[in-house]
Amino acid sequence: MFPNAENGLNYPLFRMVAFLVPMVNVELAIINTSGEILLTYRRSSPDIPIPGWHLPGGIVRVGERLQDRIKKTAETEVGFRLTEERIVAMSETLIPKKMSRRHFISFLVICRPKDYDSTIHDYSDLSKFRWFKAEEIPADLISNHSRYHAILKKLCQTGLKQFKSILVVEQSEDFTRHFDDL
């Protein structure tokens, strides 16, 4: 009925499923050995009403192991393999307005780029990717990722040693307000 659902669904079908079923996704806090975190810039869309910086992430496909999605997301979104992957937080997002992609269960994963060489990918185009030091993490994270701001700053400052157990991170009221006026 749905050929190759493991590879993702066509967009109209994906939006319908996302409207009906919670999405499980990973959000990658990729920290390099200099203590910088890689963020990507996301333009506004029907799913993200206000543009901003965010963690690379991906939705787990049917039949796909969480660990495999983590690795594939890094390879497809930022172009390199990971090492030292560890889930440190779980959060749930509920958007009150009836729209597609309105319920997420997210796993925050801290990790390092494997065999990373800054010359492989030149992320000087700030509209796409950029490494940030702890004190440089932008205030304009997309509203759903703003809840991670303090955690990301601490991760950059301490490396991957912080947060030994999984945290449950609550959805911020600011995020919900972004959808109230739509």
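It should be noted that the structure appears before, not after, this text.
Everything quoted here is computed from the prediction, not taken from an experiment.

Draft legend 1. Representation of the overall build of the chain in the model. Helices and strands together make up the secondary structure of the chain, namely 4 helices and 8 strands. Across the chain, helices and strands are ordered from the amino to the carboxyl terminus as α-β-β-β-β-α-β-β-β-α-β-α. Sorting the 182 residues of the chain into buried and exposed places 43% on the buried side. By sequence separation, contacts in the chain at least 24 residues apart represent 70% of the contacts at least 6 residues apart. A total of about 9900 Å² of accessible surface is found on the chain, and carbon and sulfur atoms cover 53% of it.

Draft legend 2. Structural detail: the packing of aromatic side chains. Enumeration over the complete set of coordinates arrives at 2 aromatic pairs. Centre to centre, the rings of tryptophan 53 and phenylalanine 132 are 5.0 Å apart; their planes meet at 80 degrees, and the pair counts as edge-to-face. Placement of the pair is tryptophan 53 in strand S3 (residues 52-54) and phenylalanine 132 in strand S7 (residues 129-132), with a sequence separation of 79 residues. Classification of tryptophan 53 as buried rests on a relative accessible area of 8%. Put simply, the rings of Tyr41, Trp53 and Phe132 touch in pairs and so form one group of aromatic residues.

Draft legend 3. Just the nonpolar core, in detail. In this structure, Ala29, Ile37, Leu39, Leu55, Leu108, Ile137 and Leu152 are the most contacted members of the largest nonpolar core, which totals 21 residues. Counting residues per element, the ones that place at least two in this core are strand S2 (37-42), strand S5 (82-94), strand S6 (103-113) and helix H3 (149-158). If you tally residues by element for this core, the top one is H3, at 4 residues.

Draft legend 4. Expanded view of the sheet that holds S7. If you walk across this open sheet you meet the 3 strands as S3-S2-S7, and the pairing is antiparallel. Each edge of the open sheet is held by one strand with a lone partner, namely S3 and S7. Along the sheet, successive strands turn relative to each other by an average axial angle of 40 degrees, direction set aside. Both S2 and S3 contribute to a ladder of 3 bridges, which runs antiparallel. Pairing of tyrosine 41 across the sheet is with tryptophan 53, part of S3.

Cut-offs used in this document
Residues numbered from 1 in each chain as written. Predicted model: local features only at pLDDT ≥ 70, side-chain atom pairs only at ≥ 80, totals over all residues. Heavy atoms only, no water. Helix = DSSP H or I, 4+ residues; strand = E, 2+ residues; numbered from the N terminus. Buried < 20%, exposed > 50% of the residue type's maximum accessible area, 1.4 Å probe, protein only. Contact = heavy atoms within 4.5 Å. Areas by Shrake-Rupley, 256 points an atom, 1.4 Å probe, with all protein chains shown as cover. Phe/Tyr/Trp six-rings, centres within 6.5 Å; stacked < 30°, edge-to-face > 60°. Core = buried A, V, L, I, M, F, W, Y, C linked by side-chain atoms within 4.5 Å. Pairing = 2+ DSSP bridges. Axes fitted to C-alpha atoms, helices over the stretch in contact; angles between N-to-C directions.

Without other data, these values stay purely geometric and don't point to any function.
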